[in-house]
Amino acid sequence: MNEPEWMKDPSLMGIDKAKLDFLQMMVFEGKKLSPKELLPFLMNIAKRGQDQSVSFSKEEMDLIISVVKKYSTEEEIARMDKIATFMRQKKQ
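Please read all numbers here as calculations on a predicted model, not as lab measurements.

## Looking at the nonpolar core
Line of reasoning, step 1. With nine residues, the main nonpolar core is built from Trp6, Met7, Leu12, Ile15, Leu20, Leu23, Ile64, Val67 and Val68.
Line of reasoning, step 2. For this core, the secondary structure elements donating two or more residues are α1 (17-30) and α3 (58-70).
Line of reasoning, step 3. For this core, the leading source of residues is α3, giving three residues.
Line of reasoning, step 4. When near neighbours in sequence (up to four residues on either side) are disregarded, Ile64 contacts Trp6, Leu12, Ile15, Leu20, Leu23 and Phe56.

Next up, the structure:
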């Protein structure tokens, strides 16, 4: 698989490539999911992240999200915003 443009952004130079690869895999696998399928998928991804000792600081996630949005369509951005809102609600 070719590396997507967002992963080449110079802003991400300080983030471990393994973390970026993990995120890309998550994006690729979750791209076609319906909202109903999203929660089990996200829970599975969280478990895989724990199993592989992949974690992100808030600063890393904020930076990654801002970079990914630069390379995304309006539809993709809306989906990311919806997922982010959902994840914040689950933490409360």
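Structure shown, so let's carry the discussion forward.
## A short note on the packing of α1 against helix α2 (residues 35-51)
Line of reasoning, step 1. Packing of α1 against α2 leaves a shortest axis separation of 11 Å and a crossing angle of 160 degrees. On the basis of their axis angle, the class for α1 and α2 is roughly antiparallel. α1 and α2 meet at a crossing whose hand is right-handed. Here Phe22, Met25, Met26, Glu29 and Gly30 of α1 come into contact with α2, specifically with Phe41, Ile45, Arg48 and Gly49.
Line of reasoning, step 2. Here the contact of α1 with α2 is composed, by residue class, of five nonpolar, two polar and two charged.

## A short note on α2
Line of reasoning, step 1. Here α2 spans 25 Å end to end across 17 residues, near enough to the 24 Å set by a 1.5 Å rise per residue.
Line of reasoning, step 2. The set of residues buried in α2 consists of Leu38, Phe41, Leu42, Ile45 and Gly49. What you see down the axis of α2 is that its buried residues fit within an arc of 105 degrees, all on one side. Projecting away from the buried face of α2 at angles above 90 degrees are the exposed residues Lys36, Pro40, Met43, Gln50 and Asp51.
Line of reasoning, step 3. Once α2 finishes, Ser53 follows within two positions and takes phi at roughly 55 degrees, a positive value.

## Examining the layout of surface pockets
Line of reasoning, step 1. In this structure, the largest pocket occupies an estimated 1,600 Å³ of space.
Line of reasoning, step 2. Contributing to the lining of the largest pocket are 40 residues, with Leu23, Met26, Met61, Ile65 and Ile83 lying nearest its centre.
Line of reasoning, step 3. If you list the elements that add at least two residues to the lining of the largest pocket, you get α1, α2, α3 and α4 (74-91).
Line of reasoning, step 4. Looking at which element gives the most residues to the lining of the largest pocket, the answer is α4, with ten residues.

About the criteria used
- Residues numbered from 1 in each chain as written.
- Predicted model: local features only at pLDDT ≥ 70, side-chain atom pairs only at ≥ 80, totals over all residues.
- Heavy atoms only, no water.
- Core = buried A, V, L, I, M, F, W, Y, C linked by side-chain atoms within 4.5 Å.
- Buried < 20%, exposed > 50% of the residue type's maximum accessible area, 1.4 Å probe, protein only.
- Helix = DSSP H or I, 4+ residues; strand = E, 2+ residues; numbered from the N terminus.
- Contact = heavy atoms within 4.5 Å.
- Axes fitted to C-alpha atoms, helices over the stretch in contact; angles between N-to-C directions.
- Parallel < 35°, antiparallel > 145°, perpendicular 65-115°, else oblique.
- Left-handed = near helix turned anticlockwise from the far one by under 90°.
- Nonpolar A, V, L, I, M, F, W, Y, C, P; charged D, E, K, R; others polar.
- Expected span 1.5 Å × (residues − 1).
- Arc of directions from axis to C-beta.
- 1 Å grid on protein atoms, 1.4 Å probe; cavity = no way out; pocket = protein on both sides within 12 Å on 5 of 7 lines; lining within 4 Å.
- Points joined across faces, edges and corners; volume = space filled by probe spheres on them.

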